[in-house]
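Each chain, letter by letter, is given below.
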Amino acid sequence: MKNQRIPDHPYLAFDRGRKTHFIFDGSECEAYENETVGAALVAAGVKTISRSTKYHRPRGFLCFTGRCPNCMAEVNGIPNVRVCREKVSPDMIVRAQNVFPSLRIDLYSVLDRLDFAFPVGFQYKRFIRPRYLWPFVERRIRSVAGIGRLPMQLQVKREKSPKARPVETDIAVVGGGPAGISAAIAAAETGAGVALIDEGNELGGHLRWNTDMEESPNEFAGMRAFQIAKKLADRLVTLQHIRIFAPAIAIGVFSEGILAAETPDGLVEIKPKRYVFATGCTDRLPIFENNDLPGIMTKTSAQILMHIYGVRPGNEAAIYCSSDEGFALASQLLDAKVRVNAIVDKRKGVSQSKTLETLTSQEVPVHFNSRMVRASGRNRLNSIQTSTEGGHGQTITCDTLCVAIGRQAVCELAQQAGCELTYDPRFELVRPIHDDHMKSNAESYVAGEMLGTQPLSMITLEGRLAGLSAALSLDLGDSARLREQADLTSSVFGNRRS
Amino acid sequence: MKPKKIVCLCEDLTKEDLEDAIKNGFNDLELLKRFTGVCTGPCQAKFCLMNVIQMLSEMNHTKPESIGVPALRPPFRPTRLAVLRGDAAEE
Amino acid sequence: MVTPLKSKYRVAIVGGGVQGLSLAYNLAKLGEKDVVVFEKGYIGSGASTRNGGLIRTAWFSEEVCTLMNESVRVWEQLSEELSFNVMYTQRGSFIVAGTDPQMEFCKELVDLHTSWGIRTKLLDSREAMKLIPCFNEREVRGGIYDRKGGIARHDAVVWAYARAASHLGVTVFPQTEVQAIRLQDGQVRSVKTSQGEVQADIVVDAAGGHSTHVAQMVGVQLPTRPVRWEAMVTEPIKPYLNPYVRWPKGELYVSQTSRGEIVAGVDSHEASSMDLRCSLAFIKKVSAALSSIFPSLERLAVLRQWAGLISISDDGCPILGPIPEVGGFILDCGWYIGFATAPIAGRMLARSVLEDKMPKLIEPFRYTRFADGEQISEDSNSERMTRLARLNQY
């Protein structure tokens with residue numbers, strides 16, 4: 001029986017909780033109570049979790065943050081559950097959706113080969129004559145389309161919805177990563193009432209699953225990212241006037257001036273005077289042949305598996321990157337006892353890097369000036385083909401490909417609050433506009449990675465500036481705070497201008 | 001499995017699908033969205049938006065800045081009716 | 001290749017939605033090809049591609065029922081006519097009656113329908129549950145089944161009309177805003193747009209939610225107001241609901257598309273609004289209503305909600321045809337049912353423009369009906385609608 005759980009990690013300990021199990025497509029799957037269904041399945045060596053909607057191509061765990069469509073399955077009769085985030089419970093029944101007869105052998109996958117018959121928009125040009133043809137075809141389309149299935153009647157007693165909780169506050173901070181926590185701290189220090197929401201069980205955002213060591217000579221020097229997350233979160237909870245909602249998944253900013261979020265205890269309806277959006281980014285999906293093969297995942301996905309759940313994403317990995325993040329990830333994979341067969345780096349080269357030296361000494365090949373051409377494997381990844389600018393090709397064996405090629409900012413909530421979005425060519429990112437005080441519109445402030453900001457020290461400065469500016473706009477804070485605002489502006493934007 | 005370059009995981013749209021649609025006059029982000037279904041699936045553009053903007057910019061020979069952004073509507077994540085009805089439920 | 005703007009057109013249509021484009025196509029089909037359509041955004045960017053795509057014949061007044069019935073006849077052959085599959089599917093529609101008094105009312109309405117030539121059927125609760133097995137049985141005593149009820153894909157309808165109109169010689173200018181309409185001696189003379197000014201003998205106000213504003217350009221205050229209308233769509237699921245359903249108690253209308261998504265909305269009670277943002281009140285109300293009438297839907301997730309603008313007239317019915325105050329200015333607005341009626345309205349209005357006389361089918365919707373005191377009883381203030389609303393309150 002496969003077990004991809006990391007037995008001993010050089011610097012992380014995992015509280016998996018008690019052993020339990022659930023049923024996946026008729027077979028029992030071992031799990032631990034602090035795992036999600038997705039983590040337990042990856043630990044059991046499961047690579048494929050669903051089939052794509054039109055061509056029924058096998059799909060695996062891509063993002064592990066509940067944002068991509070790949071890991072949807074039916075859980076205890078509820079359709080389209082993102083199992084990467086769904087906590088295990090004993091005797092849970094998990095079933096793949098929209099497959100016939102099974103996930104492993106899905107007869108509808110023949111549609112993948114018949115793609116020439118169904119080009120996009122085919123339905124508009126066909127089935128026009130004779131008249132009875134469209135109703136007939138439509139019934140066939142309906143039975144093949146759709147992802148989950150609902151029973152006509154519920155046999156169990158109807159779920160009771162808890163009452164929605166209204167929360168009035170001065171400042172709502174959306175996102176509990178380093179920028180959001182810094183904003184909340186700065187605002188609360190002026191006496192502002194702050195409500196912070198974050199979708200994680202704990203605060204810290206992406207720092208929670210990152211193990212990079214902070215090298216800059218600042219207050220976090222020598223600490224690993226997840227330790228910094230804890231330090232920031234601990235600082236937050238000591239402050240007055242802060243209400244933390246985590247896990248709380250934002251639903252939207254609505255025209256009534258309410259930010260609604262889903263918590264385990266029902267809806268919370270926050271009515272703030274000001275917003276600070278520090279909602280971060282999602283990893284991008286690079287485009288190459290078969291970029292949807294099970295085994296291909298984002299950097300975030302690999303890090304969450306390894307560092308939150310203590311599960312190896314695979315046995316032999318390759319990395320596709322365009323920044324030093326790829327090198328850091330390689331070290332992390334090696335720490336988790338995953339072989340790293342290659343780093344495929346789009347950059348022409350790097351001048352110097354301690355991590356690169358370490359990796360080279362561990363015999364991890366780094367291919368600069370390279371891009372992904374193709375991922376190969378029958379139903380799961382088993383190799384990749386790359387190419388340099390000069391046309392020199394390579395084939396690299398791997399069962400896991402971690403991609404770290406760019407990001408997409410999470411701007412939905414900022415836009416709903418009226419912030420204007422712009423394309424920033426420096427980072428190839430669509431993000432909210434803002435001024436030197438991080439103000440985006442009359443009620444909204446923005447900060448952090450969603451603006452393309454790096455490194456961590458700058459992210460926390462921006463967060464602090466945004467939170468402080470929001471509070472000052474409500475006439476909270478004093479002249480000392482105003483001076484601090486000016487200093488922060490100078491630190492954040494002065495550095496950029498020079 | 002046939003080799004495909006997937007741009008939209010939700011609707012199984014390939015790079016070729018989108019290029020064909022753009023060439024056939026659906027070269028505005030909103031029109032492309034409606035014709036192909038890109039950005040309208042369960043991920044609500046979280047994995048495809050930047051790729052789509054870059055494709056439109058390249059094929060229209062304009063800067064990505066001019067492509068615009070669609071209206072990004074609630075809910076941020078697909079949210080069940082049982083949650084959304086809030087306290088309006090009755091027995 | 002971009003068509004240049006001419007200096008003069010015979011007919012200028014303000015609004016490139018489903019009504020404006022259907023009218024343009026039908027004008028060209030009848031031989032009048034010197035037609036231009038100006039659309040502020042992309043074609044169909046207003047209510048035309050934001051609505052639920054629902055079409056039925058079972059309404060509450062003879063005027064609307066007759067119009068809808070004729071429209072359905074056109075819908076049934078529309079894909080062939082336009083050589084474009086608009087994905088029109090007739091899966092029926094059902095209006096729910098939840099109490100005995102409501103059933104009585106429905107029985108009266110079905111009798112009226114019959115007298116108006118509309119073939120609806122009263123179903124009892126057993127028949128209703130057989131038709132729609134996912135119903136909450138406790139909320140359904142029966143209701144009105146309209147076998148001719150159907151849905152169509154809104155984008156496809158817009159594109160189909162635009163394409164067909166263009167093939168016949170009509171020019172459509174998207175991303176072109178009409179900024180002013182100039183008159184001379186009480187007659188329309190020209191239209192100023194963001195791309196330039198054109199002369200026109202006839203100007204049609206088919207501007208949907210902005211039609212009140214366009215009418216003001218010629219100094220006319222229409223008895224209409226813009227109203228925000230919201231809708232939502234869920235994740236797609238396997239076939240769940242066949243006919244589309246109207247549930248008066250929940251003020252709800254809901255259907256399942258060919259792709260499997262559940263699309264739903266509730267009646268709006270906003271006084272007047274140009275706000276296109278989404279409201280929390282809407283999503284809570286529609287989620288509660290949906291999960292009340294279809295309990296198993298509570299397990300399904302909403303993918304997206306959105307808003308659009310429509311203009312609603314004082315009696316809830318469209319305002320069509322010429323106005324006495326300004327010569328050459330034709331109204332095609334005030335639509336609450338604009339999507340469903342576009343095929344027939346385009347045909348009738350095209351005839352109206354060319355023959356200078358309103359066909360009998362759309363004559364009840366003339367602008368002068370308000371002055372004549374002949375408002376139509378779809379109006380929420382009408383006796384019939386008040387009875388229906390009162391019956392909804394337990």
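Residues numbered from 1 in each chain as written. Chains lettered and ligands numbered in written order. Predicted model: local features only at pLDDT ≥ 70, side-chain atom pairs only at ≥ 80, totals over all residues. Heavy atoms only, no water.

Chemist: Now, about the overall build of chain C: what can you tell me, with residues and values included?
Modeler: Per the secondary structure count, chain C includes ten helices and 18 strands. In summary, chain C has a C-alpha radius of gyration of 21 Å against a globular reference of 21 Å for 394 residues, a match within 12%. In terms of its C-alpha atoms, chain C occupies a principal-axis envelope of roughly 65 × 45 × 40 Å. Counting over 394 residues, chain C shows a buried share of 66%. If you take every contact in chain C between residues at least 6 apart in sequence, the share linking residues at least 24 apart comes to 73%. Taken as a whole, chain C presents about 14,100 Å² of accessible surface, with 50% of it coming from carbon and sulfur. For chain C, the separation between the mean place of its 44 positive charges and that of its 44 negative charges on side chains is 5 Å. (Helix = DSSP H or I, 4+ residues; strand = E, 2+ residues; numbered from the N terminus. Rg over C-alpha atoms; globule rule 2.2 N^0.38 Å. Buried < 20%, exposed > 50% of the residue type's maximum accessible area, 1.4 Å probe, protein only. Contact = heavy atoms within 4.5 Å. Areas by Shrake-Rupley, 256 points an atom, 1.4 Å probe, with all protein chains shown as cover. Lys, Arg positive; Asp, Glu negative; His and termini not counted. Charge placed at Lys NZ, Arg CZ, Asp CG, Glu CD.)

Chemist: Mind laying out empty space enclosed by the protein, listing which residues take part and the relevant values?
Modeler: Evaluated as defined, the whole model comprises six cavities of 30 Å³ or more. As a volume, the largest cavity reaches approximately 150 Å³. Lining the largest cavity are 14 residues, with Arg51, Ser52, Thr53, Pro69 and Met72 of chain A positioned closest to its centre. Classifying every residue of the lining of the largest cavity gives six nonpolar, six polar and two charged. In this structure, the second largest cavity occupies an estimated 110 Å³ of space. The wall of the second largest cavity is formed by 14 residues, among which Gln408, Ala409, Cys411 and Glu412 of chain A together with Leu49 of chain B lie closest to the centre. Elements supplying a minimum of two residues to the lining of the second largest cavity: strand 23 (407-409) of chain A together with helix 3 (49-60) of chain B. By residue class, the composition of the lining of the second largest cavity is nine nonpolar, three polar and two charged. (1 Å grid on protein atoms, 1.4 Å probe; cavity = no way out; pocket = protein on both sides within 12 Å on 5 of 7 lines; lining within 4 Å. Points joined across faces, edges and corners; volume = space filled by probe spheres on them. Nonpolar A, V, L, I, M, F, W, Y, C, P; charged D, E, K, R; others polar.)

Chemist: Can you tell me about the packing of aromatic side chains, naming the residues and giving the values?
Modeler: Evaluation of the coordinates by the stated rule reveals 23 aromatic pairs over all chains. Through a chain of ring-to-ring contacts, three or more aromatic side chains come together here, namely Tyr124 of chain A, Phe26 and Phe35 of chain B together with Phe84 and Trp159 of chain C. Positioned above the aromatic ring of Tyr55 of chain A is the side chain of Lys4 of chain B, whose terminal nitrogen or guanidinium carbon lies 4.3 Å from the ring centre. (Phe/Tyr/Trp six-rings, centres within 6.5 Å; stacked < 30°, edge-to-face > 60°. Lys NZ or Arg CZ within 6 Å of the ring centre and 35° of its normal.)

Chemist: Residue-level account of the sheet that holds strand 18 (residues 366-367) of chain A, with values.
Modeler: Residue and element names in this part refer to chain A. Taken in spatial order, the five strands of this open sheet run 15-22-16-17-18, and their pairing is parallel. Where the open sheet ends on each side, the last strands, each with one partner, are strand 15 (296-298) and strand 18. In the sheet, strand 15 pairs with strand 22 (residues 400-404) via three bridges, with the strands oriented parallel. Directly across from Thr298, in strand 22, lies its bridge partner Val403. (Pairing = 2+ DSSP bridges.)

Chemist: So what's going on with the interface of chain B and chain A? Which residues, and what values?
Modeler: Interfaces are often described in size by the accessible area the parts lose on coming together. Taken together, the contact between chain B and chain A spans 52 residues of the former and 67 residues of the latter. With a closest N to O distance of 3.7 Å, Lys46 of chain B and Glu412 of chain A form a salt bridge. Linking chain B with chain A are 28 residue pairs in polar contact (both at pLDDT 80 or more), by the criterion used here. Going through the elements one at a time, strand 1 (6-8), helix 1 (15-23), helix 2 (29-36), helix 3, strand 3 (79-80) and helix 4 (81-84) of chain B are the ones with two or more residues in the side of chain B that touches chain A. Its residues assigned to classes, the side of chain B that touches chain A comprises 29 nonpolar, six polar and 17 charged. (Salt bridge = Lys/Arg side-chain N within 4 Å of Asp/Glu carboxyl O. Polar contact = N/O pair within 3.5 Å; in protein donor to acceptor, adjacent residues only side chain to side chain.)

Chemist: Got a sec to walk through the environment of Thr62 of chain B? Specific residues and values, please.
Modeler: Residue and element names in this part refer to chain B. Among the structural elements, Thr62 can be located in the loop between helix 3 and strand 3. Thr62 gets classed as partly exposed once you look at its relative accessible area, which sits at 34%. With sequence-adjacent residues up to four places away left out, Thr62 is seen in contact with Ser57 and Ile67.

Chemist: Talk me through the interface of chain B and chain C; I want residue IDs and the actual numbers.
Modeler: Taken together, the contacts link 30 residues of chain B with 34 residues of chain C. Both sides together, the interface formed by chain B and chain C hides about 2,600 Å², and carbon and sulfur atoms give 53% of it. Considering only the surface of chain B that becomes buried against chain C, Arg34, Arg73 and Leu81 of chain B emerge as the three largest contributors, covering 32% of it. Put simply, chain B and chain C have three salt bridges between them. In this structure, the salt-bridge partner of Arg34 of chain B is Asp155 of chain C, at a minimum N-O distance of 2.9 Å. At the boundary of chain B with chain C, the tally comes to 13 residue pairs in polar contact (both at pLDDT 80 or more). Secondary-structure elements contributing two or more residues to the side of chain B that touches chain C are helix 2, strand 3 and helix 4 of chain B. At five residues, helix 2 of chain B tops the list of elements feeding residues into the side of chain B that touches chain C. One ladder, built from two bridges, connects strand 3 of chain B with strand 16 (residues 301-313) of chain C; its direction is antiparallel. What sits directly across from Arg80 of chain B, in strand 16 of chain C, is Ala301 of chain C. (Buried area = accessible area lost by both parts, 1.4 Å probe.)

Chemist: Residue-level account of the packing of helix 1 of chain B against helix 2 of chain B, with values.
Modeler: All names here are of chain B. One can describe the packing of helix 1 onto helix 2 by two numbers: an axis separation of 10 Å at closest approach and a directional angle of 120°. The pairing of helix 1 with helix 2 is recorded here as oblique in orientation. For the pair helix 1 and helix 2, the crossing hand works out as right-handed. Between helix 1, through Leu18, Ala21 and Ile22, and helix 2, the contact on the second element is made entirely by Leu32, Phe35 and Thr36. Here the residues of the contact of helix 1 with helix 2 sort into five nonpolar, one polar and no charged. (Axes fitted to C-alpha atoms, helices over the stretch in contact; angles between N-to-C directions. Parallel < 35°, antiparallel > 145°, perpendicular 65-115°, else oblique. Left-handed = near helix turned anticlockwise from the far one by under 90°.)

Chemist: So, a nonpolar patch on the surface: which residues are in play, and what are the values?
Modeler: A surface patch of nonpolar side chains, amounting to about 400 Å² of accessible area, comprises Phe100, Ile105, Leu107 and Tyr108 of chain A. Tracing the sequence through the fold places Leu107 of chain A in the loop between strand 7 (92-95) and helix 2 (110-113). (Patch = residues over 30% accessible without salt bridge, like charges linked within 9 Å, V, L, I, M, F, W, Y side chains within 5 Å.)

Chemist: Outline the sheet that holds strand 3 of chain B, supporting the account with residue identities and numerical values.
Modeler: With mixed pairing, nine strands are arranged side by side in an open sheet as 3(B)-16(C)-12(C)-15(C)-14(C)-13(C)-4(C)-6(C)-5(C). The open sheet has two free edges, formed respectively by strand 3 of chain B together with strand 5 (120-124) of chain C, since each of these has just one partner strand. Sheet analysis places strand 4 (residues 93-97) of chain C next to strand 13 (residues 244-247) of chain C, joined by three bridges and oriented parallel. Bridged to Ser93 of chain C within strand 13 of chain C is Tyr244 of chain C. Helix 3 (residues 100-115) of chain C contacts strand 4, strand 5 and strand 6 (142-146) of chain C of the sheet and is inclined by roughly 155° relative to strand 5 of chain C.

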